[in-house]
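Chain residues, written in single-letter form:
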Amino acid sequence: MMKKTIVAALSMLVCGAAWAADGTPAAVDAQLIKQGEYLSRAGDCIACHTATNGKPFAGGLGIESPLGTIYSTNITPDKDTGIGNYTYEDFDRAVRHGVAKDGHSLYPAMPYTAYAKVTPDDVKALYAYFMHGVEPVKQANKDTDITWPLSMRWPLGVWRWMFAPDVVTAPAANAAAVADADKQALLRGQYLVEGLGHCSTCHTPRGVALQEKALSDADGSAFLSGGVVEGWLAKNLRGDMTDGLGSWSKEDIAAFLKSGRNGHSAAFGGMAQVVQDSTQHLTDADLNAIAVYLKSLPPVNKDATKPLAYNETVAQALRTGTDKGDGAMAFLNNCAACHRSTGKGYTETFPQLALSSTVNSADPTSLIHIVLKGAQMPGTTAAPTAYAMPGFDWRMTDKEVADVVTFVRSSWGNQGAKVSASDVAKVRKDVGAAPQPKR
Ligand code: HEC
Ligand code: HEC
Ligand code: HEC
């Protein structure tokens, strides 16, 4: 024990000396850098700032926007191509105010509208990490594919002025000063969700100028009420019973964010990456805080307070072969092997379709998308096996997909509305799935 402590102390001294030797201030303490690394996980900086198969944080990932493709930039401390010459003030201006070092406004594809809520102390830790904890990489930034006149940056300044929230100047409500433990968790959860977690950039619907319709619960119940990103519905995270988190416990939410799966569902689409790169790395205390906060959000629809109830009749009809409808047959032939005739699946392996919020959401985008292209759960430290669902785009026609999805939405107690072949055709085109098979 004693020996370990001495070795640790020595290695810290050696590291400190190394920084001093290459000109970096030895005063930057390892603890601050470590804290910055943790916060960069909470902010998921790596997801956008790393190209597929690229070096961490070297940028170059194309992000689709209605205007064209925007490329993330190199945020490694390389002095020529990265942010090695950024002072703390420059870094803060980019991260929380959306303004680059040379004064141009950043596209809100960089979620500075959320990061505006991060406290100065946390930005300082992030800065320490990006300057001293990240490997510098020489890689020039790419220009956007946006053509003139839309490529002019000055309208972004106007956008910023209209839609960006005020930047936090002092630490917000001091959570530590609140006595009651749950209240403390609530404040911490709100801070993580609204700020670094930028959950709302995907989970809140957008208005005509692509601004999020609400940046906090105080702005109204549009906040975290669901939005469509890259052909997936980032679901309602409010208290709604059928399509929100009303029937999930705090523990269910924390388990989902830690392992990518729970008794209700498994992460897919953009959320699989969020779990992989970000939430699985958070402490149990922070995950509990996020769950406490999400459970505090009232439902959008205050009248629908009853949870859906499981209904046995469909499972019986499938077992006895009395339901010979097109949807039932398509389900038996393509889905039942994994999701079972009961619609209950196998917990944490093949998610249940009965009473599932994915299945019951008014907007069926995710449901159609997953049937067409399949999906893979994240593999996490807590649950390493990344089970996958195959895509059926090349095997099922638009009508067959519509039939099976409509069947799933109306079976085992589910109450989703009918889906038509033209709904499927639209999603097939939007997500670039294979053309439907000829019959
Ligand atoms: C959802 C995607 C996304 C996430 C998450 C994200 N960024 Fe960015 N960031 C971008 C994009 C895209 C740009 C370039 C915007 C532009 O060119 O207008 C950018 C630009 C920046 C810049 C400006 C760099 C320059 O060259 O001036 C900094 C600094 C930055 N990000 C830091 C961060 C940090 C730190 C985090 C995590 C706390 C983070 N980003 C998370 C997408 C993202
Ligand atoms: C890049 C976009 C994106 C971001 C950022 C994002 N999510 Fe998601 N999230 C999704 C999508 C898409 C789904 C639907 C797929 C699924 O259920 O896994 C989803 C689903 C979920 C679910 C499951 C809901 C259900 O009823 O099954 C939870 C819980 C969740 N997200 C929480 C969060 C939290 C908390 C944050 C912020 C820390 C966050 N998400 C950030 C895209 C995102
Ligand atoms: C080989 C097994 C397998 C087959 C066959 C299969 N699935 Fe899946 N399904 C999965 C797995 C694994 C997941 C989790 C994927 C993820 O989270 O990325 C999943 C997820 C889903 C989800 C999302 C549930 C949620 O909330 O997390 C839906 C909806 C779904 N499947 C419907 C279907 C339908 C409809 C069919 C038939 C057309 C089908 N599946 C066929 C394995 C399968």
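Residues numbered from 1 in each chain as written. Chains lettered and ligands numbered in written order. Predicted model: local features only at pLDDT ≥ 70, side-chain atom pairs only at ≥ 80, totals over all residues. Heavy atoms only, no water.

### Here we look at the coordination of the iron atom of ligand 1
Keep this limit in mind: Any N, O or S atom lying within 2.8 Å of the metal counts as a donor, with the limit raised to 3.2 Å for Na, K and Ca; because water is left out of the atom set, some sites can appear incomplete. Tetrahedral means four donors with every angle between 85 and 135 degrees, whereas square planar (four donors) and octahedral (six donors) require angles over 155 degrees between opposite donors and between 65 and 115 for all others; sites fitting neither are termed irregular. For the purposes of this entry, the term helix denotes a DSSP run of H or I that reaches at least four residues, the term strand denotes a run of E that reaches at least two, and both are numbered from the N terminus. Throughout, exposure labels follow a simple rule: accessible area from a 1.4 Å probe, protein chains only, divided by the maximum for the residue type, with under 20% read as buried, over 50% as exposed, and the rest as partly exposed.
The iron atom of ligand 1 binds to the protein through His 49 (NE2) and Met 110 (SD), with metal-donor distances spanning 2.0 to 2.2 Å. Each of the 6 donor atoms around the iron atom of ligand 1 contributes to a set of angles spanning 88 to 180°, which defines the coordination as octahedral. Remark: Met 110 occurs in the loop between helix H4 (88-97) and helix H5 (112-115) and His 49 occurs in helix H3 (residues 45-49); sequence separation between them is 61 residues. Relative accessible area serves as the criterion here: at 10%, His 49 is assigned to the buried category.

### Points about the site of ligand 1
Cut-off, in case you're wondering: Any residue with a non-hydrogen atom lying within 4 Å of a molecule or strand is treated as near it. Pairing of N or O atoms within 3.5 Å defines a polar contact, subject to two protein rules: one partner must be a possible hydrogen donor and the other a possible acceptor, and residues neighboring in sequence count only if both atoms are side-chain atoms. The method works on a 1 Å grid over the protein atoms by themselves. A cavity is a set of points holding a 1.4 Å probe that cannot get out, a pocket is an open set with protein on both sides within 12 Å along at least five of seven lines, and residues with an atom within 4 Å of a point line them. Here the criterion for a molecule occupying a pocket or cavity is that more than half of its atoms lie within 2 Å of the pocket grid points. Residues are grouped as follows: nonpolar covers Ala, Val, Leu, Ile, Met, Phe, Trp, Tyr, Cys and Pro; charged covers Asp, Glu, Lys and Arg; every other residue, Gly included, is treated as polar.
As a matter of local geometry, ligand 1 sits amid 25 residues, with Cys 45, Cys 48, His 49, Tyr 86 and Met 110 nearest to it. Within the backbone of Tyr 107, one N or O atom sits 2.7 Å away from an oxygen atom of ligand 1. One of the side-chain nitrogen or oxygen atoms of Arg 153 is found 2.6 Å away from an oxygen atom of ligand 1. In this structure, ligand 1 is accommodated by the second largest pocket. Sorting the residues of the shell around ligand 1 by element identifies H3, strand S2 (68-71) and H4 as the ones contributing at least two each. A breakdown of the residues in the shell around ligand 1 according to their chemical character gives 18 nonpolar, 5 polar and 2 charged.

### What to know about the site of ligand 3
For the record, the criterion: The split into domains, and so the bounds of each, comes from an automatic or database assignment of domains.
Lining the immediate surroundings of ligand 3 are 25 residues, of which Cys 335, Cys 338, His 339, Thr 358 and Met 389 lie closest. At 2.8 Å from a nitrogen atom of ligand 3 is found a side-chain nitrogen or oxygen belonging to His 339. Taking Thr 358, its side chain carries an N or O atom lying 2.8 Å from an oxygen atom of ligand 3. Contributions of two or more residues to the shell around ligand 3 are made by helix H15 (336-339), helix H17 (365-373), strand S5 (375-376) and strand S6 (388-389). When residues of the shell around ligand 3 are assigned to their parent elements, the largest contribution, 3 residues, is made by H17. Partitioning the shell around ligand 3 into residue classes produces 18 nonpolar, 7 polar and no charged. Residue contributions to the shell around ligand 3 reach at least three from each of two domains, namely domain 2 (191-295) and domain 3 (313-430).

### What to know about a negative patch on the surface
As a reminder, the rule being used: Within this analysis, patches are made of residues with over 30% relative accessible area and no salt bridge. Like charges are joined at 9 Å or less; nonpolar side chains (Val, Leu, Ile, Met, Phe, Trp, Tyr) at 5 Å or less. Computed with the Shrake-Rupley method and a 1.4 Å probe, the accessible areas treat only the protein chains shown as cover for residues. The term salt bridge refers to a pairing of a side-chain nitrogen on Lys or Arg with a carboxyl oxygen on Asp or Glu at a separation within 4 Å. His is not counted, nor are the chain ends; Lys and Arg add positive charge and Asp and Glu add negative charge. The location of each charge is read from NZ of Lys, CZ of Arg, CG of Asp or CD of Glu.
A surface patch of like charges, here negative, comprises Glu 64, Asp 143, Asp 145 and Glu 230. Given the relative accessible area of 67%, Glu 230 is considered exposed.

### Focus: the coordination of the iron atom of ligand 3
Coordination sphere of the iron atom of ligand 3, protein contribution only: His 339 (NE2) and Met 389 (SD), at 2.0 to 2.1 Å. In this structure, the iron atom of ligand 3 is surrounded by 6 donor atoms whose angles at the metal cover 87 to 179°, and the resulting shape is octahedral. Residue His 339 is located in helix H15, and its partner Met 389 is located in strand S6; the two are separated by 50 residues in the primary sequence. Assessed through its relative accessible area of 25%, Met 389 is described here as partly exposed.

### Focus: the nonpolar core
The test is simple: Residues belong to a common nonpolar core when they are buried Ala, Val, Leu, Ile, Met, Phe, Trp, Tyr or Cys residues joined through side-chain atoms within 4.5 Å. It only takes one pair of heavy atoms within 4.5 Å for two residues to be counted as in contact.
Core analysis: the biggest nonpolar cluster contains 52 residues, and Phe 91, Phe 130 and Leu 294 have the highest contact counts within it. With 8 residues, the top contributor of residues to this core is helix H6 (residues 120-132). In this structure, this core is formed jointly by two domains, domain 1 (19-163) and domain 2 (191-295), each of which donates at least three residues. With sequence-adjacent residues up to four places away left out, Leu 294 is seen in contact with Val 193, Leu 224, Leu 237, Leu 245 and Ile 253. Formed by 32 residues, the second largest nonpolar core is a distinct cluster that contains Val 314, Leu 318, Ala 330 and Val 431.

### So, a nonpolar patch on the surface
On the surface, Trp 154, Val 158, Trp 161 and Met 162 cluster together into a nonpolar patch covering about 550 Å² of accessible area. Its place among the elements puts Met 162 in helix H7 (residues 154-163).

### Remarks on the pairing of S2
Using the following cut-off: Strand pairing requires that DSSP identify at least two bridges connecting the strands.
In this structure, strand S1 (residues 62-65) lies alongside S2, joined through 4 bridges in antiparallel fashion. When the sheet's bridge partners are listed, Ser 65 is paired in S2 with Gly 68. Once S1 ends, the chain turns through 2 residues before running back antiparallel as S2.

### Digging into the packing of H4 against H6
Heads up, the rule is: Axes here refer to lines fitted to C-alpha atoms; in helices the fit is confined to the stretch in contact. Angles between the N-to-C directions go from 0 to 180 degrees. Angles below 35 degrees are treated as roughly parallel, those above 145 as roughly antiparallel, those between 65 and 115 as roughly perpendicular, and all remaining angles as oblique. When the near helix sits turned anticlockwise from the far one by under a right angle, the crossing is termed left-handed; a clockwise turn instead gives a right-handed crossing.
Where H4 meets H6, the closest approach of the two axes is 10 Å, and the angle between their N-to-C directions is 115°. With respect to their mutual orientation, H4 and H6 come out roughly perpendicular. In the crossing of H4 with H6, the sense of the turn from one axis to the other is right-handed. Facing Tyr 88, Phe 91, Asp 92 and Arg 96 of H4, the residues of H6 in contact are Pro 120, Val 123, Lys 124, Leu 126, Tyr 127 and Phe 130. Of the residues contributing to the contact of H4 with H6, the split by class is 7 nonpolar, no polar and 3 charged.

### Observations concerning the domain arrangement of the protein chain
Counted only if it meets this: Note on terms: buried area is the combined drop in 1.4 Å-probe accessible area of two parts once they are placed together, counting the loss on both.
Once the domains are mapped, the protein chain shows domain 1 (19-163), domain 2 (191-295) and domain 3 (313-430). Using only C-alpha atoms to locate each centre, domain 2 and domain 3 end up separated by 22 Å. The interface is formed by 24 residues belonging to domain 2 together with 27 residues belonging to domain 3. Buried surface at the junction of domain 2 and domain 3, summed over both partners, amounts to about 2100 Å²; 57% is from carbon and sulfur atoms.

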